[in-house]
Amino acid sequence: MPPYQMNDNNTTKRSKSSLLCEKSDSGFMPEPESGIVNEKILLLVFEFIKWDLPTLCTIGQVCRKLRAVSQRVLWRELCINRAPTIIGALMHGSHNSQFGGGWHSLGKLLFYCCGCQPTPNIQIQDPKPGHIVKAVRFSKTSGQSFLIKSCREDLLYVNDPCEHAIKGGEDDLGLFRGVFRGFFRSKTRACLINRQVKLEERVRCPYCGARVWSMASAKMVPKSAVVRLGSHKDGLDYFVCINGHLYGACWLVRLSSDGDDDPHDDHDFGQGSARYSTRTS
Ligand SMILES: [Zn+2]
Ligand SMILES: [Zn+2]
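Residues numbered from 1 in each chain as written. Chains lettered and ligands numbered in written order. Predicted model: local features only at pLDDT ≥ 70, side-chain atom pairs only at ≥ 80, totals over all residues. Heavy atoms only, no water.

K.L.:
Please clarify how the pattern of salt bridges should be interpreted in this entry.
P.N.:
Pairing between side chains of opposite charge can happen when their charged atoms approach one another. Evaluated as defined, the whole model comprises 5 salt bridges. With its nearest N and O atoms 2.5 Å apart, the salt bridge here joins Arg72 to Glu39. In this pair, Arg72 sits in helix H4 (residues 64–82) while Glu39 sits in helix H2 (residues 39–48), placing the two residues 33 residues apart along the sequence. Looking at Arg72, the relative accessible area reads 48%, which means it is partly exposed. By relative accessible area, which is 29% here, Glu39 ends up partly exposed. Here Asp160 makes a salt bridge to Arg137, at a shortest N to O gap of 3.2 Å. In this pair, Asp160 is assigned in the loop between strand S4 (156–159) and strand S5 (162–164) and Arg137 in the loop between strand S2 (131–132) and strand S3 (138–139), connecting sequence segments 23 residues apart. (Salt bridge = Lys/Arg side-chain N within 4 Å of Asp/Glu carboxyl O. Helix = DSSP H or I, 4+ residues; strand = E, 2+ residues; numbered from the N terminus. Buried < 20%, exposed > 50% of the residue type's maximum accessible area, 1.4 Å probe, protein only.)

Here you go:
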């Protein structure tokens, strides 16, 4: 497992650093707040290294104290410093600065492609591993494409799909993710509850570990999502967790025709209806 792997359930073996921190707890070492576990020092260090993500992931695996500081302070600062526009939009009108699942989950969602497990519409033999992404673009216009018409008052940001080649496959796999603003009060959540959609039994959100709804099972996948992604009609699946994180996968058609699209449905979200893959990973 690489040292920067973003895994909440990681059970990393005790390192020397971990042992040092534990000694610190029992009084053999200097005060816990001194040196590297001091928040102000950590903030200065991370400012200097421009909020380097692998380093932040590594910090969280050293010991419990550093993990606590990173989750309480550093992930929030990373999000604010590296994605100020989307964070500003997500916090707009919010009375507190907490997000469902916490800053760590949000930071992970912004900068980490979670890979893909097989789903009913995405039949792949081997799971695709996740990876940190260097650059990413989230768009609320794209997010609108993933909402049914009655829920388009919601604000949802979704990124451009991360493209993964499948060995021997005709089409590439597109992996996408997104986040709602104020999901608890969103129309999408209300709709899921009104329809009495059941949470998936065995699937958990890769970003916060919470339970998820399948939007395909809920019959809440609009055609605009297919059009936006340039996918097959039954070639995509996405899920929304109870904290308002969205993630999913689709088969990206190398070349498709606008003639497949229903002109009466979602005509205002026509981008991406014809595309060639420009693989980035
Ligand atoms: Zn990816
Ligand atoms: Zn989540």
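K.L.:
For this particular structure, what's the right way to read the coordination of the zinc ion (ligand 1)?
P.N.:
Ideal values for angles at a metal depend on the geometry: 109.5 degrees with four tetrahedral donors, 90 or 180 degrees with six octahedral donors. All of the protein donors around the zinc ion (ligand 1) are Cys113 (SG), His131 (NE2), Cys162 (SG) and His164 (NE2); their distances to the metal are 2.0 to 2.3 Å. With 4 donor atoms in place around the zinc ion (ligand 1) and angles of 102 to 118° between them, the coordination shape is tetrahedral. One chain supplies every donor to the zinc ion (ligand 1), and in sequence these donors are spaced C-x17-H-x30-C-x1-H. The residues Cys162 and His164 share a single accessibility class, namely buried. (Donors = N, O, S within 2.8 Å, 3.2 Å for Na, K, Ca; no water. Tetrahedral: all angles 85-135°; square planar, octahedral: opposite > 155°, others 65-115°.)

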